[in-house]
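# Overview (structure and organization)
Residue strings, one per chain:
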Amino acid sequence: MKGAGKTSLRERAIGNSLPDYVSGDDFMTSTSALNTTQSSALYERACKAIPGGVNSPVRAFRSVGGTPLFMESGQGCRLRDADGNEFLDFCSSWGPLISGHRHPDIVTAVKDQADKALTFGTPCEGEVLLAEFILSRLNRPGMEKIRFVNSGTEAVMSALRLARGFTGRDKIIKFEGCYHGHSDSLLVKAGSGLATLGTPDSAGVPADFTQGTIVLPLDDENAVREAFKNFPDSIAALILEPVPANNGLLLQRPEFLKFLREVTRENGTLLIFDEVISGFRLGFGGAAEKYGIDPDLAAYGKIIGGGMPVGAFAGRSEIFEKLAPDGPVYQAGTLSGNPVAMAAGLAQLKLLTPEFYAHLEKLTGILRDEFNAAGRNWKIESAGSIFWFYRGKDAPRRADQIEREAMTEYAAFHAHCLERGLYLAPSGYEVGFMSSPMEEKDVRALLDAALEFFRS
Ligand SMILES: *Cc1c(COP(=O)(O)O)cnc(C)c1O
C-alpha cells in the first residue's frame, strides 16, 4: 500500500470542512477502454506548469485513481474531451450548469455583452437587472439587498464578516461535513469534544484564524444548545448548508433546521444559509423556500452566474447598512458585478420556471426510485435534482456516518461509468446534478450502468 500516509490525510479531512482532495492514489482504477492519449499528454504538460496539474484540487482524480480528462467542448448535457470521447455530464461543472452547456439564451447574452464591453469598473445596468430579478423572484421578507462577488468562497467570507460587523461579536458556528469555500476561518475541523474551538484543517492557516470557529456535528440539537451556553453573547453567526451537499448529501431533519432558526434568534446570532449549491437548484428560492425558513443572510454561487464566475450574499437592509460604502464593514472586488457575468446570470435565472424544476425532479426520481427498488446495499439519496450514491441501510445525516470503506468501490464505479460515457464527479463524497437538456433515456443510461455495476 503505497500512499498510506495520504489515506490518513483523507481520513482527517472526512467529516470536516474540506472537500475530497487529499486521498491517496493507492487504488488505481482502469479506464483502459478509453483512448486518453491527448488528455494524458495535456496532463503531463499541466503538471509541469500548474501545481498538481489542476486549478482546483478535486479535479485531479486523486480519490478515484487515474488521471483527469481534459475537456474540449460541451453541448446540452454532453461533454467531449480532447480525445473526442463523449460523456453524459452528471457533474455539471459541480453544480452551475443546471441548463447544461451552451444554452442559446446564455450564449447570446454573453456575446451581446462582449460586443459592448467586458468590464467597466463602474456600475452598470446588468447588476441592477440581476439584483432586481433575484430579489423580486425570491420574494422573501428577509431578502432586501444583495451584493455580487466572484465566487461562493467570497460570498460566504463576506457574509461572515458582515455578520461579525453587524453583531459586534467574533465567534461563529459551523458544522462538520459542511463546506463553505476555502477562506481561512472556515478551514476547520472539530476538536474532540462538543463545542470546542476549531483547529485549522489546512497547512498555512494560523491557529488564531480558526480560534473563533466552533465546529459542531449536524443533526444534534444538544450540541448547538451547549455551544450557546458555553459562549454566551459572543456568537456572531451560525452558518450551514441547509442541504449539505459537499460531503455526501446529508439531508437534515426539517425540525433541526427550524430549531437552528429559533435558537439563533433567541441568542442574537445571525443564521446564514450557504445556498451556493442549493440556491436556484432546489427551486428558485433554494432551501429557504423549500423548508420555509428565512435565514438572516444567504450566500449564493454556482448557478447564479450561468457558468460564469459569480457569487452573491443577500439579506435585510438593516444588516447591509453596515457594509461599505454605507457602513464600516469593508468588502470590494475589481471584477464584482462584471457585466458579462451579470448577463449570463440573468439569462440563466430567467430559465428557471416551475416546469423546469418539475422536469429535473422527475428525472431524479426515476434514477433514485428504480435504483433503490433494486434493493442493493448501495442507494441513492436525492434533493431536488441533486443525487448521491451511498452505501449502507440508512442515508447518513452526519459526516461521521458515511462509510469510508465504500469509497474504493465508488472509485471502481466511477471508472465503470467513464467507460460507458457517463461523467460523474471524481469522488464518492461528491454529489451528481441533473441538467435540463437531459431526457429519460440519459438517466436510464446511468441507471443501467449503476444496476449493472452494483449487481456484480
Ligand atoms: C462550491 C461551494 C462553495 C465555494 O464556492 P466557490 O465558487 O468554489 O468558491 C461554498 N459553499 C458551498 C456550499 C459550495 O458548494
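Our subject in this report is the structure included herewith.

How each quantity is defined
Residues numbered from 1 in each chain as written. Predicted model: local features only at pLDDT ≥ 70, side-chain atom pairs only at ≥ 80, totals over all residues. Heavy atoms only, no water. Helix = DSSP H or I, 4+ residues; strand = E, 2+ residues; numbered from the N terminus. Rg over C-alpha atoms; globule rule 2.2 N^0.38 Å. Contact = heavy atoms within 4.5 Å. Areas by Shrake-Rupley, 256 points an atom, 1.4 Å probe, with all protein chains shown as cover. Near = heavy atom within 4 Å. Polar contact = N/O pair within 3.5 Å; in protein donor to acceptor, adjacent residues only side chain to side chain. Nonpolar A, V, L, I, M, F, W, Y, C, P; charged D, E, K, R; others polar. Salt bridge = Lys/Arg side-chain N within 4 Å of Asp/Glu carboxyl O. Buried < 20%, exposed > 50% of the residue type's maximum accessible area, 1.4 Å probe, protein only. Pairing = 2+ DSSP bridges. Phe/Tyr/Trp six-rings, centres within 6.5 Å; stacked < 30°, edge-to-face > 60°. Lys NZ or Arg CZ within 6 Å of the ring centre and 35° of its normal. Axes fitted to C-alpha atoms, helices over the stretch in contact; angles between N-to-C directions. Parallel < 35°, antiparallel > 145°, perpendicular 65-115°, else oblique. Arc of directions from axis to C-beta.

## Observations regarding the overall build of the protein
Tallying secondary structure elements over the protein gives 14 helices and 16 strands in all. For the protein, whose C-alpha radius of gyration is 21 Å, the value lies close to the compact-globule estimate of 23 Å for 456 residues. Dimensions of the protein, computed from the C-alpha atoms along their principal axes, are close to 60 × 55 × 45 Å. If you take every contact in the protein between residues at least 6 apart in sequence, the share linking residues at least 24 apart comes to 72%. Accessible surface, the protein: about 18,500 Å² in total, of which carbon and sulfur atoms supply 50%.

## Here's the deal with the environment of Thr334
With respect to the secondary-structure elements, Thr334 resides in the loop between α10 (317-320) and α11 (339-350). Spatially, the C-alpha atoms of Thr334 and Phe120 are 9.3 Å apart, while their sequence positions differ by 214 residues.

## So, the site of the ligand
The ligand sits among Ser151, Gly152, Thr153, Tyr179, His180, Gly181, Glu241, Asn246, Asp274, Val276, Ile277 and Lys302. At 2.7 Å from a nitrogen atom of the ligand is found a side-chain nitrogen or oxygen belonging to Asp274. Protein coverage of the free-state accessible area of the ligand, which is 390 Å², stands at 83%. Partitioning the shell around the ligand into residue classes produces 3 nonpolar, 6 polar and 3 charged.

## Notes on the side chain of Ser278
In this structure, Ser278 sits in the loop between β10 (270-274) and α9 (286-291). The residues touching Ser278, leaving out its near neighbours within four places in the chain, are Pro242, Val243, Gly283, Gly286 and Ala287.

## Observations concerning the environment of Gly84
Note that Gly84 resides in the loop between β2 (78-81) and β3 (86-89). Residues Gly84 and Pro309, 225 residues apart in the sequence, show an inter-C-alpha distance of 27 Å.

## Some details on the pattern of salt bridges
Taken as a whole and assessed by the stated rule, the structure comprises 22 salt bridges. Taking the shortest distance from any N to any O, the salt bridge between Glu419 and Arg420 comes out at 3.9 Å. Given the relative accessible area of 33%, Glu419 is considered partly exposed. Beyond isolated ion pairs, a larger network of salt bridges with shared partners links Asp219, Glu221, Arg253, Glu255 and Arg397.

## Notes on the sheet that holds β3
In space, the 4 strands of this open sheet follow the order β1-β2-β3-β15, with mixed pairing throughout. At either end of the open sheet lies a strand with only one pairing partner, and these are β1 (71-75) and β15 (422-423). Bridge count for β3 against β15 is 2 bridges, and the pairing is parallel. Following the sheet pairing, Asp89 is matched in β15 by Tyr423.

## Description of the packing of aromatic side chains
Aromatic rings in a pair are described by how distant their centres are and how their planes are angled relative to each other. Taken as a whole, this structure holds 21 aromatic pairs when the rule is applied. A centroid spacing of 4.7 Å and a plane angle of 45° characterise the contact between Phe413 and Phe454, whose relative ring orientation is tilted. Of the two residues, Phe413 sits in helix α13 (residues 406-419) while Phe454 sits in helix α14 (residues 440-455), which places them 41 residues apart along the sequence. A connected cluster of aromatic rings, assembled from ring pairs, spans Phe90, Phe371, Trp378, Phe387, Phe389, Tyr410, Phe413, Phe453 and Phe454. Lying over the aromatic face of Phe284, Arg137 brings its terminal NZ or CZ to 4.4 Å of the ring centre. The ring of Tyr291 has Lys290 sitting right over it, with the charged end atom 5.5 Å from the ring centre.

## Looking at the side chain of Asn338
Following the sequence through the fold, Asn338 ends up in the loop between α10 and α11. Contacts of Asn338, omitting those with residues within four sequence positions, involve Leu118 and Thr119.

## Examining the packing of helix α7 (residues 221-230) against helix α8 (residues 254-266)
Axis separation between α7 and α8 bottoms out at 11 Å; the angle between their running directions is 10°. For the element pair α7 / α8, the angle class is roughly parallel. Of the residues in α8, those touching α7 at Glu221, Val224, Arg225 and Phe228 are Glu255, Phe256, Phe259, Leu260, Val263 and Thr264. Its residues placed into classes, the contact of α7 with α8 shows 6 nonpolar, 1 polar and 3 charged.

## A look at the sheet that holds strand β16 (residues 432-433)
The strand order β13-β14-β16 describes an open sheet built from 3 strands, whose pairing is antiparallel. Single-partner strands in this sheet number two, and they are β13 (378-383) and β16.

## Details of helix α3 (residues 104-114)
Taken residue by residue, α3 has Ile106, Ala109 and Gln113 as its buried positions. When α3 is viewed along its axis, its buried side chains cluster within an angular range of 65° and face the same direction. For α3, the exposed residues set more than 90 degrees away from the buried face come down to Pro104 and Lys111. The secondary structure elements touched by the buried residues of α3 are α11.

## Quick word on the environment of Ala82
One can find Ala82 in the loop between β2 and β3. Separated by 96 residues in the primary sequence, Ala82 and Cys178 have C-alpha atoms spaced 34 Å apart. In contact with Ala82, not counting residues within four places along its chain, are Gln38, Ser39, Leu42, Phe70 and Glu72.

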